[in-house]
Amino acid sequence: MTAKIHPSAIVSSSAEIGDGVEIGPFAIVGEDCVIGDGCVISARASLERYVILGRNVKIGVGSVLGSDPQDLKFKGERTTVEIGDNTVVREYSTINRGTSQSFKTSVGPNSFVMSYVHLAHDCHVGEGVVLANMVQLAGHVTVEDRVILSGVTAVHQFTRIGRNAIVGGCSRVSKDVPPFVKAVGNPMKLYGLNSIGLQRNGFSPETILELKRAYRLLFRSELNLAQAVERVSSEVEQIPEVRQLVQFVESSQRGVAI
């Protein structure tokens, strides 16, 4: 199967184009891009350079991937944007390449990046993530697997969003968001466990119960962090999800939202 490339599209001679790829009118595929089988590059989208797409990735109208990082420390290093299999990037989104800090900006497989989203340099987005319209990620942000960031949410640089968390719309995320929780607001606050999201992702009732117990001790007690962690260790079953929640909180460099 050969690629279907519109006559008005511009494709670099150094680009690698897989089978069944569709490249729309006035699209640009630049230097050393790698386009996996079955990808769709819509009209007027631009892959400037060093973009690597997995299989069956869809890039929306007018989106720009692989432009230089907006970082004054960038000195022209060869860095990449990497997008996992089956991920969708909708209209007019921008994803900048990495800097020498990590040398790439990445989005995992099976993710959904809606319109007007911006991913700055060295962002690392996990698998099955949903970034709703106009989500804005500053540099060096980490978004773990199966997170949902609702529309018009802005995330401060170097912030982490833990797995299976959900952040409500129009939030300002300036501290780390622990895994498995709900958060919203400006300033942002936690509003309990993301119980419905956990159920939909196959977490057992027993796991959700232990996470609720850990959540209450860590975020809704009068204990300091050391005391809360000690109580969680002695009173809550040490299933992997509870250990991950505790480790996330203990390792936070920016502090966690409460």
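Structure: see above.
Keep in mind the model is a prediction, meaning the values are calculated, not measured.

A.B. asks: How would you sum up the overall build of the chain? Please name residues and give values.
C.D. replies: For the chain, the helix and strand inventory stands at four helices and 28 strands. Relative to the compact-globule value of 18 Å for 258 residues, the chain shows a C-alpha radius of gyration of 20 Å, a close match. By principal-axis analysis of the C-alpha atoms, the chain measures approximately 65 × 40 × 25 Å. Buried positions account for 50% of the 258 residues belonging to the chain. Of the roughly 12,000 Å² of accessible surface on the chain, 52% is carried by carbon and sulfur atoms.

A.B. asks: So, the sheet that holds strand E7 (residues 40–41): which residues are in play, and what are the values?
C.D. replies: If you trace the 11 strands from one edge of the open sheet to the other, you get E1-E4-E7-E10-E13-E16-E19-E22-E25-E27-E28, paired in mixed fashion. Each edge of the open sheet carries a strand with a single partner, namely strand E1 (4–5) and strand E28 (188–193). Pairing between strand E13 (residues 88–89) and strand E16 (residues 112–113): two bridges, direction parallel. Looking across to E16, one finds that valine 89 is bridged to valine 113. Packed on one face of the sheet, helix H2 (residues 205–219) meets strand E27 (181–185) and E28 and runs near 145° to E28.

A.B. asks: Describe the sheet that holds strand E14 (residues 94–96), and please don't skip the residues or the numbers.
C.D. replies: Reading across the sheet, the nine strands line up as E2-E5-E8-E11-E14-E17-E20-E23-E26 and stay open at both edges, with parallel pairing between neighbours. Every interior strand has two partners, whereas the edge strands, strand E2 (10–11) and strand E26 (172–173), have only one. Inspection of the sheet shows strand E5 (residues 28–31) paired to strand E8 (residues 46–49) by three bridges, in the parallel sense. When the bridges of E8 are listed, glutamate 31 appears paired with arginine 49.

What counts, and at which threshold
- Here the residue index of a chain counts from 1 through its sequence in written order.
- Residues qualify for local features only when their pLDDT is at least 70, as the model is predicted, and side-chain atom pairs are given and counted only at 80 or more; totals for whole chains, interfaces and linings, by contrast, use all residues.
- The basis for the side-chain values is all heavy atoms of the structure; hydrogens and waters are excluded.
- A run of H or I in DSSP counts as a helix once it spans at least four residues, and a run of E counts as a strand once it spans at least two, with each numbered from the N terminus.
- Only C-alpha atoms enter the radius of gyration, while the globule expectation follows 2.2 Å times N to the 0.38, with N the number of residues.
- In this scheme, a residue with accessible area under 20% of its type's maximum is buried, one over 50% is exposed, and one in between is partly exposed, where area comes from a 1.4 Å probe on protein chains only.
- Residue-level accessible areas treat just the shown protein chains as cover; the underlying method is Shrake-Rupley with a 1.4 Å probe.
- A pair of strands counts as paired when DSSP detects no fewer than two bridges linking them.
- Should any heavy atoms of two residues lie within 4.5 Å, those residues are counted as being in contact.
- Axis lines are fitted to C-alpha atoms, over the contacting stretch for helices. Their N-to-C directions set the angle, which ranges from 0 to 180 degrees.

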